Amino acid sequence: MTVVLVLLALATLNALAVALFRRGFFLERFPGAHRPSVFAAYIACGLLIIVGLAGVYFWKQWGVVLLCLLTGIVFILDLLAHAPMFHIIAGPAALAIVLLAIQPVRTRFRTRQ
């Protein structure tokens, strides 16, 4: 499970770096992200995904819930930003991979502490 979380964190950090430091490249692929609110939401979601992945790594149930919520939000953002089909599908696929990875150990997740 750790490998999955690290790979997803690296992919998210890479996406944040592209959005922040190669904004023109990002906006070519996500034309609807020219609106400041959509672009800011993408950045906020990327940062919160890292937080959610850290929560899952530390066996916190809120991490799983956060990732589920963010997947829905990013899906809506992808539709608003006219994202490439690969990105629209990649978000739910990544969530499915996380949920499958934690399935055998789901009872270890803590709701408090």
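Everything quoted here is computed from the prediction, not taken from an experiment.

Each helix and strand in the protein chain was counted, giving five helices and zero strands. The dimensions of the protein chain, computed from C-alpha atoms along their principal axes, are 45 × 25 × 20 Å. Residues counted as buried form 35% of the 113 residues belonging to the protein chain. In the protein chain, the share of contacts with a sequence separation of at least 24, taken over all contacts with a separation of at least 6, comes to 65%. Within the structure as shown, the protein chain displays about 7000 Å² of accessible surface, and the carbon and sulfur contribution to it stands at 73%.

Before going further, it helps to examine the environment of isoleucine 102. Summarising the element assignment, isoleucine 102 is placed in helix H5 (residues 85-102). As for isoleucine 102 and valine 56, which are separated by 46 residues in sequence, their C-alpha atoms are 8.7 Å apart. Every residue in contact with isoleucine 102, bar those within four places of it in the chain, is listed here: Met1, Val56, Val64 and Phe109.

How each quantity is defined
- Along each chain, residue indices are assigned from 1 in the same order as the chain's sequence is written.
- pLDDT decides what is reported in this predicted model: residues at 70 or higher carry local features, side-chain atom pairs at 80 or more are listed and counted, and totals for whole chains, interfaces and linings draw on all residues regardless.
- Calculation of side-chain values draws on the structure's entire complement of heavy atoms; hydrogens and water are dropped beforehand.
- Here a strand is any run of E in DSSP of at least two residues, a helix any run of H or I of at least four, and the numbering for each starts at the N terminus.
- Categorising residues by exposure relies on relative accessible area from a 1.4 Å probe, with only protein chains included: less than 20% of the type maximum marks a residue as buried, more than 50% marks it as exposed, and the intermediate range marks it as partly exposed.
- Contacts are assigned to residue pairs that have any heavy atoms within 4.5 Å of one another.
- In short, Shrake-Rupley with a 1.4 Å probe defines the accessible areas, and a residue's cover is counted only from the protein chains shown.

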